[in-house]
Each structure stands twice: as structure tokens, then as C-alpha cells.
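In case you want the letters, here they are:
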Amino acid sequence: MQKLLILCALEKELPVRENPYSSITVYTGVGKVNAAMMAAFSIKSRRPDMIINYGTAGSCNKKLSGLVECGNFIDRDDSGAFNEDTIITTDYNKCVISTGDNFVTKELNFCDLVDMESYAIAKVCKKTKTEFKCYKYITDYVNSSSMNDWEEKIGDGYELFLEQIDDYIKNSV
């Protein structure tokens, strides 16, 4: 059986009391540095076969809503030159997410979603040869009110994520 580990930035996104997988969930804190450090520490100490990142995201693609799976990860804080060091792909057919250490309030034309952790986790998984999956719940469409929308909806997606994990465990592990 595959050994899974769930990484999530904030408990508000995946409350412990509602999480039947709390024993395999690690809260990283917000941002790329926190996410990378906790991913590396967790992989070293727990030795999972797969990391699953769950969290919230803003959307630059108005056709998307709810829970989406990401497969293309961009570091938007890099120098702006997108290349093999700033883009990680696990599945070309899944959403493109741009990760950075700022809260985005203006739509970006090179991605579907924006967050603050997934690229860092994907990079650690790539370096350690740990399988990686990523699910994001869309809380807002990127605009000047994104921060308020995110704060209002931060806890709205965890039930959809837990259904996805239940299904994955029943059918894949």
C-alpha cells in the first residue's frame, strides 16, 4: 500500500477536527520557504511514497471553479524567465498554477491559478523523487477584492478534497 502524506498551509483550509486523515496531514504555514522546509523535513522523517498538497487558490481562469487538480507549477517570483528551473510538470493535462510570495490581485495571463506553496512542494518532491499530486479549491477570481473573498471562503473546500482523497485511496492505493 502506498504511503501518503498531505501537506496543507493552514488549518483553516483543512480543519483537524474534520480531517479523518489528520495523522498523515502536516500544516506547512504560508509561503514558499515554509512549504519547502516542511516538505523536505516531512519527506526525510516520514518517507512517504506520495505527497498530496491541498490548499486554496485564486483563479485567473473564470471557466474554473470548485476543486481542481494542478499538474504544472510555475515559480512566479523567479526572474521572469520561465524554463526547466522555474516550471515543474507532473501532468500536462492538469491546471497551471503560479506560486509566489505575494497575494495576487491582478489577473495573470500565463496560468490558471495562483497560490503561495505548491511550486515549492513540487520542487522538493522532484528533488527527492517523491510522487506529487496537488488539489486546490478556488476561493476567488483574481481581482482587487481577492483577499476578502479568500478570507470568507478559506474553509469551504475541504469536504470536496476529502471526497477526492477517499476516492483516490479506494481506487488507487
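Just above sits the structure.
**Q** Could you give an account of the nonpolar core, naming the residues involved and the relevant values?
**A** Counting residues in each nonpolar core, the largest one holds 25 residues, and the members touching the most others are Leu7, Ile51, Cys70, Phe73, Leu113, Ile121 and Phe132. When residues of this core are traced back to their parent elements, those giving at least two are strand E1 (4-8), helix H1 (32-46), strand E3 (50-59), strand E4 (67-75), strand E6 (95-99), helix H2 (118-128) and strand E8 (131-141). In terms of residue count, the dominant contributor to this core is H2 (six residues). Beyond its immediate stretch of four places on either side in the chain, Phe73 contacts Thr86, Ile87, Ile88, Thr90, Ile97, Ser118, Tyr119, Ala122, Phe132 and Cys134. Ranked by size, the runner-up nonpolar core spans 15 residues in total, among them Tyr135, Tyr137, Leu162 and Tyr168.

**Q** Residue-level account of the state of the cysteines, with values.
**A** Inspection of the entire model under this criterion finds zero disulfides. Not part of a disulfide, Cys125 finds its nearest cysteine sulfur in Cys134, a span of 10 Å. Classification of Cys125 as buried rests on a relative accessible area of 1%.

**Q** Explain the packing of aromatic side chains to me, and be specific about the residues and the numbers.
**A** Under the criterion given, the structure shown has four aromatic pairs. Centre to centre, the rings of Tyr54 and Phe161 are 4.4 Å apart; their planes meet at 20°, and the pair counts as stacked. Here the residue Tyr54 occupies a position in strand E3, and Phe161 occupies one in helix H4 (residues 158-172), the gap between them amounting to 107 residues. With respect to burial, Tyr54 and Phe161 carry one shared label: buried.

**Q** Give a detailed account of the environment of Gly55, specifying residues and quantitative values.
**A** You can see Gly55 is positioned in strand E3. Ignoring anything within four residues of it in the chain, the contact list for Gly55 reads Glu13, Tyr135, Lys136 and Tyr137.

**Q** I'd like to hear about the layout of surface pockets, residue by residue, with values.
**A** Put simply, the largest pocket is a space of about 250 Å³. Around the largest pocket, the lining comprises 18 residues; the ones closest to its centre are Thr56, Phe103, Asp115, Met116 and Trp150. Taken together, the elements giving at least two residues each to the lining of the largest pocket come down to E3, strand E7 (113-115) and helix H3 (146-153). For the lining of the largest pocket, the leading source of residues is E3, giving three residues. Residues of the lining of the largest pocket, tallied by class, amount to ten nonpolar, three polar and five charged.

Definitions and cut-offs
Residues numbered from 1 in each chain as written. Predicted model: local features only at pLDDT ≥ 70, side-chain atom pairs only at ≥ 80, totals over all residues. Heavy atoms only, no water. Core = buried A, V, L, I, M, F, W, Y, C linked by side-chain atoms within 4.5 Å. Buried < 20%, exposed > 50% of the residue type's maximum accessible area, 1.4 Å probe, protein only. Helix = DSSP H or I, 4+ residues; strand = E, 2+ residues; numbered from the N terminus. Contact = heavy atoms within 4.5 Å. Disulfide = S-S within 2.5 Å. Phe/Tyr/Trp six-rings, centres within 6.5 Å; stacked < 30°, edge-to-face > 60°. 1 Å grid on protein atoms, 1.4 Å probe; cavity = no way out; pocket = protein on both sides within 12 Å on 5 of 7 lines; lining within 4 Å. Points joined across faces, edges and corners; volume = space filled by probe spheres on them. Nonpolar A, V, L, I, M, F, W, Y, C, P; charged D, E, K, R; others polar.

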